[in-house]
Amino acid sequence: MKLILLLLFPILMAETCSQNNEQNNEISFKYEMMTRGSRTNYALTQEDIKVVRNMGGETKASEKMTSKDWENLLEKMEEIDVPNISKLKPPSDKRTFDGAAHAILTIKKGDEVYRSNSFDHGNPPSELKSLVKAILRLGETVE
């Protein structure tokens, strides 16, 4: 009996570790736009694209993520120093006087969450521009 347990223990440990690694490799993106009277959130995962519009979340929509679009997002993310996105400076400040909506990009990789500083919607820091453009393109296709 002890011999069987000794043989099964490494197999069970290897399986548990591989499941934990899969969970830690999960990636998701969240793009939030907000003004005084409205809010829009785009949440993108490997499985789907979800859009919630308005303060109370009245309008909700989702669509399946294609593997091509997901790979495109991952490629654009690889171009970014993700752990340091909170240090990026926005190129404009129109949001400070209601000239543009506030926008924030959040990237979740496993258990780590990386959040950008607020920037003008449509005018992110140059380092985030291609990723934000891809996220907006996907989010705007969901109705």
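These numbers come from a predicted model, not from an experiment. (Residues numbered from 1 in each chain as written. Predicted model: local features only at pLDDT ≥ 70, side-chain atom pairs only at ≥ 80, totals over all residues. Heavy atoms only, no water.)

What about the confidence of the model for the protein chain?
Inference 1: Across the protein chain, pLDDT averages 85, with 79% of residues at or above 70.
Inference 2: The secondary-structure element of the protein chain with the lowest mean pLDDT is helix H1 (residues 2–24), recorded at 52, while strand S6 (residues 112–115) shows the highest, at 97.
Inference 3: Across residues 18–24 the pLDDT falls below 50, and counting only partners more than four positions away or on other chains, this stretch makes four contacts in the model. (pLDDT = per-residue confidence, 0-100. Helix = DSSP H or I, 4+ residues; strand = E, 2+ residues; numbered from the N terminus. Contact = heavy atoms within 4.5 Å.)

Some details on the packing of aromatic side chains
Inference 1: Considering all chains together, one arrives at three aromatic pairs under this definition.
Inference 2: Summarising the aromatic geometry, the rings of Phe29 and Trp70 are spaced 5.7 Å apart at their centres and angled 65° between planes, so their arrangement reads as edge-to-face. With Phe29 in strand S1 (residues 27–34) and Trp70 in helix H2 (residues 67–78), the pair connects residues that are 41 residues apart, well separated along the chain. Both residues of the pair, Phe29 and Trp70, belong to the buried class. (Phe/Tyr/Trp six-rings, centres within 6.5 Å; stacked < 30°, edge-to-face > 60°. Buried < 20%, exposed > 50% of the residue type's maximum accessible area, 1.4 Å probe, protein only.)

Some remarks on the nonpolar core
Inference 1: Grouped together as the largest cluster of nonpolar side chains are 31 residues, with contacts concentrated most on Phe29, Tyr31, Leu44, Leu73, Leu105 and Ile135.
Inference 2: Once you skip the residues sitting within four places of it in the chain, Ile135 turns out to touch Phe29, Tyr31, Tyr42, Leu44, Leu73 and Leu105. (Core = buried A, V, L, I, M, F, W, Y, C linked by side-chain atoms within 4.5 Å.)

A look at H2
Side chains of residues three or four places apart in an α-helix project in the same direction, reflecting 3.6 residues per turn.
Inference 1: When the terminal C-alpha atoms of H2 are compared, their 16 Å separation across 12 residues agrees well with the 16 Å that a helix rising 1.5 Å per residue should span.
Inference 2: Restricting attention to buried positions, one finds in H2 the residues Asp69, Trp70, Leu73, Leu74 and Met77. The buried side chains of H2 occupy one side of the element, clustering within an arc of 140° when seen end-on. Within H2, the exposed residues directed more than 90 degrees away from the buried face are Ser67, Lys68, Glu75 and Glu78.
Inference 3: In this structure, the buried residues of H2 make contact with S1, strand S2 (39–44), strand S5 (102–109) and helix H3 (129–140). (Expected span 1.5 Å × (residues − 1). Arc of directions from axis to C-beta.)

Some details on a negative patch on the surface
Inference 1: On the surface, a cluster of negative charge is contributed by Glu71, Glu75, Glu78 and Glu79.
Inference 2: Mapped onto the elements of the fold, Glu78 is located in helix H2. (Patch = residues over 30% accessible without salt bridge, like charges linked within 9 Å, V, L, I, M, F, W, Y side chains within 5 Å. Areas by Shrake-Rupley, 256 points an atom, 1.4 Å probe, with all protein chains shown as cover. Salt bridge = Lys/Arg side-chain N within 4 Å of Asp/Glu carboxyl O. Lys, Arg positive; Asp, Glu negative; His and termini not counted. Charge placed at Lys NZ, Arg CZ, Asp CG, Glu CD.)

Focus on the environment of Lys89
Inference 1: Inspection of the secondary structure puts Lys89 in the loop between H2 and S5.
Inference 2: On the accessibility criterion, Lys89 (65% relative accessible area) is exposed.
Inference 3: Residues Lys89 and Ser126, 37 residues apart in the sequence, show an inter-C-alpha distance of 9.0 Å.

A look at H3
Inference 1: Between its terminal C-alpha atoms H3 stretches 16 Å, which fits the 16 Å expected from 12 residues at 1.5 Å a residue.
Inference 2: The complete set of buried residues in H3 reads Leu131, Val132, Ala134, Ile135, Leu136, Leu138 and Gly139.

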